[in-house]
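Residues per chain, in single letters:
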Amino acid sequence: MTALKRVLNNINPFSSRHETSDNEEDFKLPNMASLVIIIVMNLLLQVSFFIVVSSSNKYAEYLGGTATFSGVIIGIPTAFAGLSLIPLTKYDKGMYKMPLHVCCCFAILGHIAYALAYRANFLYLILIGRCLNGVAFSVFMYCKRYCTDPRIVGIRRRTTLASWLVICQGLGMSLGPFLGGVLYNIGFSNSVFNGYTSPGWVMAGVYAGFWVLVTKYFEDIPQPPTIMELRSASSLHTLPVLTVEAKGQEADPSPNYSSAPATRPPSPIDESFRAQLSLITRSQWGVIACMCWFSMLCFFILGSWEANLPVFGSATGNLGWSPFAAGNFIALGGISCFPFLLANLLAARRIQDRKLLAFGTTLGLVGLLIFLSILRTGKVNYGSLFVCWWTVTLSLLSKQLPPEWNGRTSMAIQYSNYTGRVTGAIWGGSGVSVGMLNFVGLEIAMVGIGAVLFTTLWRELKTKTG
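Residues numbered from 1 in each chain as written. Predicted model: local features only at pLDDT ≥ 70, side-chain atom pairs only at ≥ 80, totals over all residues. Heavy atoms only, no water.

### Brief notes about the nonpolar core
Step number 1: Ranked by size, the top nonpolar core spans 102 residues in total, and within it Met41 and Leu45 carry the most contacts.
Step number 2: Residues in contact with Leu45, not counting those within four places in the same chain, are Cys103, Ala136, Phe137, Val139, Phe140 and Tyr207.
Step number 3: In this structure, Val287, Ile288, Met291 and Cys292 belong to the second largest nonpolar core, which totals five residues. (Core = buried A, V, L, I, M, F, W, Y, C linked by side-chain atoms within 4.5 Å. Buried < 20%, exposed > 50% of the residue type's maximum accessible area, 1.4 Å probe, protein only. Contact = heavy atoms within 4.5 Å.)

Next comes the structure, spelled out in structure tokens:
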């Protein structure tokens, strides 16, 4: 932990010490130990998501499942992550420590269940374990929200911190399949710890150790007085004073309705939300839609390829991949993208998000078109397939909306992310059965829709750099 903090602290684009600005609020950063924990948690979640990719197809087949079922195994956690966000966001009080504890607990339970499916010889125990993991994956949204939370992160630091999350995505995308492939080579001499179950046991142990670090080092955001006042007023069955910040006017104190038998009046939070909602312009709604589409699109394509490559590689005669070979191939693609993720981290301070988005979209489209051409010509080999897998996915985070909307836009983007992951993994598992030309054709069409969106909204997508 200390070493990682020192590394992050010494990286120039990460630290605000090297910046000078008339408005220091634009460059503020949260507590370093807590920020490191959030970034490492994001990495662990990425590894957890991808570590089963290499062997899930073979594991499902061993227990009586199909390639499509293996796609469900990969993608289903994000559906449960989306469902888990409903109660979590209701009780988190705008904080982060409680969701982190929930994440560690369910991650451990999920990985243990996944590992026990082999000995129990029960196919659906894999699914149960991944569903439990899904509750842990709900913290993906909290990681994104933490790195863009206006209470602790300045507006010129949000894309930089978000870039670190993207780097963790690249690391997780590489490390997860690679570890899964390496652990598969352990063999099957033991019914408890073997090539299929070892990823579950290893990750359960890692999360147990990390939970201790979260408990000891993570410092939550100080609770704002306004929230405590609202809670105190609520306990007294009174309505607190409402300040309509969006219009810069202070409303009159509301009377006490505790004795009134009439219909309960709208809460101040609901009124504040309506006031903020009325200020969102059509162009900003367009930006929200564009962000959500690209969040879904990036993870749909990523999830579909992750789920499809082991199945396609195994079914293609001149490839004949084992889980170990498939894991190495997926990891190699992630490693080759890593320099571009680092470049994105540096570029985020100088280049607008819309230009990074256009570059990433173009690069991804080129990869899909190359893959379509080699499928049509039948020249599928390791090199040509690797060129197609070599893509970079970049996302545009909201920096145009009011700070109060950070939580809501994070939720919208995260649900789009989850939708892409679930549908993409299932589509990838079904790729060989539906036909690979159809598989790629749908993805090209979706990229085309995204291109129309961001070209139409090009002017509105302009934001501050950083």
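### Quick notes on the state of the cysteines
Step number 1: This model, assessed by the stated rule, comprises zero disulfides.
Step number 2: Unpaired in this structure, Cys104 has its nearest cysteine sulfur neighbour in Cys103, at a distance of 5.3 Å.
Step number 3: Free cysteine: Cys105, not disulfide-bonded; nearest cysteine sulfur from Cys104 at 8.8 Å. (Disulfide = S-S within 2.5 Å.)

### Section: the side chain of Asn133
Step number 1: Looking at where Asn133 falls in the secondary structure, it is placed in helix 6 (residues 123-137).
Step number 2: Judged by its relative accessible area of 1%, Asn133 falls in the buried class.
Step number 3: When sequence neighbours within four positions are dropped, the list of residues in contact with Asn133 reads Phe106, Ala107, Gly110 and His111. (Helix = DSSP H or I, 4+ residues; strand = E, 2+ residues; numbered from the N terminus.)

### Points about unusual backbone geometry
Step number 1: For Lys93, which is not glycine, the phi torsion reads 60° and is therefore positive.
Step number 2: Here Lys93 lies in the loop between helix 4 (67-91) and helix 5 (97-120).
Step number 3: A residue is classified by how much of its surface remains accessible, and Lys93, at 51% relative accessible area, is exposed.
Step number 4: Positive phi, close to 50°, is recorded for Asn121, a residue that is not glycine.
Step number 5: By the secondary structure assignment, Asn121 is in the loop between helix 5 and helix 6.

### Some details on the packing of aromatic side chains
Step number 1: Inspection of every chain in the model, using the stated rule, returns 21 aromatic pairs.
Step number 2: Seen from their ring centres, Tyr118 and Phe188 are 6.4 Å apart, and the 20° between their planes marks the pair as stacked. Residue Tyr118 is located in helix 5, and its partner Phe188 is located in the loop between helix 8 (158-184) and helix 9 (198-217); the two are separated by 70 residues in the primary sequence.
Step number 3: We classify Tyr118 as buried; its relative accessible area is 12%.
Step number 4: The exposure class of Phe188 is partly exposed, given its relative accessible area of 35%.
Step number 5: Each residue in the set Tyr59, Tyr62, Tyr114, Tyr118, Tyr184, Phe188 and Tyr196 is aromatic and connected to the rest through ring pairs, giving one cluster.
Step number 6: One cation-aromatic arrangement involves Arg130 over Phe49; the distance from NZ or CZ to the ring centre is 5.7 Å.
Step number 7: Here Arg421 stacks its cationic end above the ring of Phe140, 5.2 Å away from the centre of that ring. (Phe/Tyr/Trp six-rings, centres within 6.5 Å; stacked < 30°, edge-to-face > 60°. Lys NZ or Arg CZ within 6 Å of the ring centre and 35° of its normal.)

### Focus on the pattern of salt bridges
Step number 1: By the definition in use, this model includes two salt bridges.
Step number 2: Between Asp92 and Arg145 there is a salt bridge, with its nearest N and O atoms 3.5 Å apart. Note that Asp92 is positioned in the loop between helix 4 and helix 5 and Arg145 in helix 7 (residues 139-147), a separation of 53 residues in sequence.
Step number 3: Residue Asp149 is joined to Arg151 by a salt bridge in which the shortest nitrogen-to-oxygen separation is 2.7 Å.
Step number 4: Taking the relative accessible area as the measure of exposure, Arg151 reaches 33% and is therefore partly exposed. (Salt bridge = Lys/Arg side-chain N within 4 Å of Asp/Glu carboxyl O.)

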